[in-house]
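# Structure at a glance
Each chain, letter by letter, is given below.
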Amino acid sequence: MKIGEVAAKAGIPVETVRYYEKIGLLPPPERQANGYRRYRQSHLDRLLFIRRCRNLDMAQDEIRELVRLADQPDADCSEVDALLARHLEHVRQRLAELHQLEDTLAQLQQACSEGRTVAECGILGGLSDALDADLPQDSHNHIPGSHGTR
């Protein structure tokens, strides 16, 4: 398969296929005499695996570790289980932080009433005051997939 075909079958952009090759998640394909990449079914299978992991919000390091473990089919799966347990704990922590965020936003929204000016806005006042006190000190940036393994 050419890169466009494998990308379409995997449901990802061509640029993503190249990126996964660049960072070592996808093994380099053979090159034809004309220089075009030639992908096999194993490349498509790996891309689908990576896509499923990304859909579970796994970070690249987590995926890399799973790929490494998957390449050892006779090994004990306790490392896979441990990796998933760490990821699940991270997801649970994020859910707790999101519930706290939801509560804070709901409190801010209740601080506003109709007929007030922007200068009197309870939401803007709340954002300008000590909202930092409500946030956990170890708050992380939760861009999907941005967390690392522990």
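The rules behind each value
- Residues numbered from 1 in each chain as written.
- Predicted model: local features only at pLDDT ≥ 70, side-chain atom pairs only at ≥ 80, totals over all residues.
- Heavy atoms only, no water.
- Core = buried A, V, L, I, M, F, W, Y, C linked by side-chain atoms within 4.5 Å.
- Buried < 20%, exposed > 50% of the residue type's maximum accessible area, 1.4 Å probe, protein only.
- Contact = heavy atoms within 4.5 Å.
- Helix = DSSP H or I, 4+ residues; strand = E, 2+ residues; numbered from the N terminus.
- Arc of directions from axis to C-beta.
- pLDDT = per-residue confidence, 0-100.
- Patch = residues over 30% accessible without salt bridge, like charges linked within 9 Å, V, L, I, M, F, W, Y side chains within 5 Å.
- Areas by Shrake-Rupley, 256 points an atom, 1.4 Å probe, with all protein chains shown as cover.
- Salt bridge = Lys/Arg side-chain N within 4 Å of Asp/Glu carboxyl O.

## Quick word on the nonpolar core
Within the largest apolar cluster, 20 residues are counted, with the highest numbers of intra-cluster contacts made by Val6, Val17, Tyr20, Tyr39, Leu47 and Ile63. The residues contacting Tyr20, other than those within four sequence positions of it, are Ile12, Leu25, Leu26, Leu47, Ile50 and Arg54.

## Some points on helix H1 (residues 3-10)
Buried residues of H1: Ile3, Val6, Ala7 and Ala10, and no others. Looking straight down H1, one finds its buried side chains confined to an arc of 100°; they lie on one side. Contacts from the buried residues of H1 go to helix H2 (14-22), strand E2 (37-38) and helix H3 (41-55). Count one or two residues on from H1 and you reach Gly11, which has phi positive near 75°.

## Notes on the environment of Pro27
Looking at where Pro27 falls in the secondary structure, it is placed in the loop between H2 and strand E1 (30-31). For Pro27 and Arg46, which are 19 residues apart along the polypeptide, the C-alpha to C-alpha distance reads 9.0 Å. Ignoring any residue separated from it by four or fewer positions in sequence, one finds Pro27 in contact with Glu21, His43 and Arg46.

## Things to note about the confidence of the model for the protein
Mean pLDDT for the protein: 85, with 83% of residues reaching 70 or above. A low-confidence stretch, residues 141-146 (pLDDT under 50), is modelled with ten contacts involving residues beyond four sequence positions or located in other chains.

## Description of a nonpolar patch on the surface
On the surface, a nonpolar cluster with roughly 360 Å² of combined accessible area is contributed by Leu95, Leu98, Leu101 and Leu105. Mapping Leu101 onto the fold places it in helix H5 (residues 78-110).

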